[in-house]
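Fold and contact review
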Amino acid sequence: MTRVLAVASEVFPLVKTGGLADVVGALPAALKPHDVTMRVLVPGYPAVMAALEGGSKLHAWDDLNGGPATLVAGRAAGLDLIALDAPHLFDRPGNLYLAPDGADWPDNWRRFAALGHAAADLGSGRVSRFVADVVHCHDWHAGLAPALLHHAGRQAAASVMTIHNLAFQGTFPASIFTGLGLPDIAFAVDGVEFHGQVSFMKAGLQHADAITTVSPSYAVEICSPAGGMGFDGLLRARRQVLTGILNGIDTDVWNPARDAALPQRYDAASLSRRATNRPAVEEAFHLDASDDMIFAVVSRLTGQKGMDLLGECIDGLVAGGARLAVLGSGEPGLEAMFRAAAARHAGRVGVIVGYDERLSHLLQGGADAILVPSRFEPCGLTQLCGLRYGCVPVVARVGGLADSIVDANQAGLAAGAATGVQFMPVDRTGLESAIGRAIALYGQRKVWTGIQTRGMKTDVSWTASAGRYAELYRDVLKRRQA
Ligand code: ADP
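Reading the values: rules and limits
- Residues numbered from 1 in each chain as written.
- Predicted model: local features only at pLDDT ≥ 70, side-chain atom pairs only at ≥ 80, totals over all residues.
- Heavy atoms only, no water.
- Helix = DSSP H or I, 4+ residues; strand = E, 2+ residues; numbered from the N terminus.
- Rg over C-alpha atoms; globule rule 2.2 N^0.38 Å.
- Buried < 20%, exposed > 50% of the residue type's maximum accessible area, 1.4 Å probe, protein only.
- Contact = heavy atoms within 4.5 Å.
- Polar contact = N/O pair within 3.5 Å; in protein donor to acceptor, adjacent residues only side chain to side chain.
- Pairing = 2+ DSSP bridges.
- Axes fitted to C-alpha atoms, helices over the stretch in contact; angles between N-to-C directions.
- Parallel < 35°, antiparallel > 145°, perpendicular 65-115°, else oblique.
- Left-handed = near helix turned anticlockwise from the far one by under 90°.
- Nonpolar A, V, L, I, M, F, W, Y, C, P; charged D, E, K, R; others polar.
- Core = buried A, V, L, I, M, F, W, Y, C linked by side-chain atoms within 4.5 Å.
- Near = heavy atom within 4 Å.
- Areas by Shrake-Rupley, 256 points an atom, 1.4 Å probe, with all protein chains shown as cover.

1. A word on the overall build of the protein chain
In terms of helices and strands, the protein chain carries 19 helices and 18 strands. Here the C-alpha atoms of the protein chain give a radius of gyration of 23 Å, agreeing with the 23 Å that 2.2 N^0.38 yields for 482 residues. Looking at the protein chain as a whole, 59% of its 482 residues are labelled buried. By sequence separation, contacts in the protein chain at least 24 residues apart represent 71% of the contacts at least 6 residues apart.

This is the structure:
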């Protein structure tokens, strides 16, 4: 039995701003058959504290970065959690990372340094009644833990650092370094120092026993100057301990045969029923009723996600006879751009600015294609949901999108392998031609349903990847003992 403590700022279904939460929420159950028990350490946000059942106090600090804090172990939403209950850091309304004015909380370094300290204390035997063999840290929020464990010495748990998105680096002014509880030597190029500042992501990447990221292609991309966002040198130097493990999705949460968000449930054998969900999509997104193709977007509305490129292609998409339903929120300029497109193409383009789980399921179960034109994409989950729901993915050929979709070119179709449409380069022309190809394929009913059915039969579960994580945990432990 391998005992793993996962450390993350988000966990589905309690607190989520993106795919990170889905992964952290799904892994514990997926790892169980592999003889791994996983507990998840998360900040005690209001939603976490409210959901926690049977909480028992594991540990307390009189002063953890400015106030008293407690570790509370309990269960919520079927997960074994340890909440870091520190009201002065986490008991705040609204966004996890942003103050009401839209700027980062000014004390984010203190908040996530506290998470790192709690993880390191749990991983180094300072909390009686708790033992972990491996501490698995997700993204920069947990990045300080591997550095603290490293300086705690060899008796501490092994550490794994997973990159969900290298663009978020947890970078703060050098002046905070003295508040981190690290030895002076850690403020160095082979420590947590990053161009004269402190980076929590670097702290994790530099010191973890193993590094993973969420797709094999992204693991290669981040070792190049173009994809490494300043960390490519470090990652090249640590290539021996870097692996890409493709994310899965929770196939119980995402199951079109049992999805309560769908007016009509279906599976690959009853695909024809899927069309019954179309009117619900049309109604929700104020689209005119018709049989014309519906492209969907479920995404943060940001440049990374290629949403500006999509903006440039909307008029062409509509002129090509298709419709567009967008669900997302993000950069104000992009939100305004989509709203303007909906006004310009009333009945053909519908936009809902916001975050809505139910609508995201409805789109996957009722629209025809899911558009993911990301400039870079560590893994991407919406294309995996699209495969499972017969909502054909139209994606940029980058990162996890390249690894999870087989392009419907002549060879892909002839081999009976195609599951979607890929495009490269990621620019307006590339996206325009992908939209055009998708519309043409949609017009060939047999070909289209073949692509849908193949996608629905693709294994997008955690089964294979959970096995790879389990193997990795055992590897790092073996290396420790060697
Ligand atoms: P990210 O880079 O945002 O983490 P992913 O594709 O990895 O992108 O994960 C995004 C997750 O968030 C998916 O589960 C997707 O369904 C969900 N999601 C994104 N935007 C919305 C939204 N506006 N409403 C509901 N779910 C959303």
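Read on for the rest.
2. Details of the environment of threonine 276
Tracing the sequence through the fold places threonine 276 in the loop between strand E12 (242–244) and helix H10 (278–284). Between the alpha carbons of threonine 276 and alanine 319 there is a distance of 25 Å; along the sequence they are 43 residues apart. There is a polar contact of 2.7 Å between the side chain of threonine 276 and the backbone oxygen of arginine 273.

3. Observations concerning the sheet that holds strand E1 (residues 2–7)
One open sheet holds the nine strands; their spatial order is E3-E4-E5-E2-E1-E6-E7-E11-E12, and the pairing between them is mixed. Whereas interior strands pair on both sides, the edge strands pair on one side only; in this sheet they are strand E3 (53–61) and E12. Each adjacent strand pair in this sheet contributes to an overall mean axis angle of 25 degrees, direction not counted.

4. A closer look at the pairing of strand E4 (residues 69–76)
Extensive coverage of E4 is indicated by the burial of seven of its eight residues. Where E3 meets E4, six bridges bridge the pair, whose relative direction is antiparallel. The residue bridging tryptophan 61 from the neighbouring strand is alanine 69, located in E4. Following E4, the chain reverses through two residues before pairing antiparallel with strand E5 (residues 79–85); alanine 77 in that reversal takes a positive phi of roughly 50 degrees.

5. Focus on the sheet that holds strand E9 (residues 193–194)
Spatial ordering of the open sheet is given by E8-E10-E9, a layout of three strands whose pairing is antiparallel. Each edge of the sheet is formed by a strand with only one pairing partner; in this case those strands are strand E8 (171–172) and E9. Sitting on the sheet, helix H6 (residues 200–207) is in contact with E8, E9 and strand E10 (197–199), with an inclination near 60 degrees to E10.

6. As for the packing of helix H5 (residues 144–152) against H6
When two helices pack together, their arrangement is given by the angle between their axes and by how far apart the axes lie. Close contact between H5 and H6 brings their axes to 6 Å; oriented N to C, the two are set at 50 degrees. If you check the angle between H5 and H6, you find them oblique. Judged by the sense of rotation from one axis to the other, the crossing of H5 with H6 is left-handed. Two secondary-structure elements touch here, H5 through Leu144, Pro146, Ala147, His150 and His151 and H6 through Phe200, Ala203, Gly204 and His207. Grouping the constituent residues of the contact of H5 with H6 by class yields five nonpolar, four polar and no charged.

7. Focus: the side chain of threonine 419
Considering the arrangement of structural elements, one finds threonine 419 in the loop between helix H16 (410–414) and strand E18 (421–423). Taking the relative accessible area as the measure of exposure, threonine 419 reaches 6% and is therefore buried. When sequence neighbours within four positions are dropped, the list of residues in contact with threonine 419 reads Leu387, Val392, Pro393, Ser404, Ile405, Val406, Ile451, Arg454, Gly455 and Thr458.

8. Regarding the nonpolar core
Residues Leu41, Leu71, Leu84, Leu180, Phe200 and Leu205 are the most contacted members of the largest nonpolar core, which totals 103 residues. With nine residues, the single largest contributor to this core is helix H4 (residues 108–123). Counting residues in hydrophobic clusters, the runner-up holds 68 residues, among them Leu301, Leu309, Val318 and Ile451.

9. As for the environment of threonine 17
The topology assignment puts threonine 17 in the loop between E1 and helix H1 (19–31). With 80 residues separating them along the chain, threonine 17 and tyrosine 97 place their C-alpha atoms 9.6 Å apart. Excluding residues within four positions of it along the chain, threonine 17 makes contact with Glu10, Leu96, Tyr97 and Arg300. Polar contacts involving the side chain of threonine 17 include one to the side chain of glutamate 10, which spans 2.6 Å.

10. Details of the site of the ligand
As a matter of local geometry, the ligand sits amid 18 residues, with Gly19, Asp22, Arg300, Lys305 and Gly354 nearest to it. Between an oxygen atom of the ligand and a main-chain N or O atom of glycine 19, the distance comes to 2.7 Å. One of the backbone nitrogen or oxygen atoms of aspartate 356 is found 3.0 Å away from a nitrogen atom of the ligand. The protein chains hide 91% of the 570 Å² of surface that the ligand would expose on its own. Elements that contribute at least two residues to the shell around the ligand include exactly H1, strand E13 (294–301), strand E14 (323–330) and helix H13 (357–366). Among the elements that make up the shell around the ligand, the one with the highest residue count is E13 (three residues).

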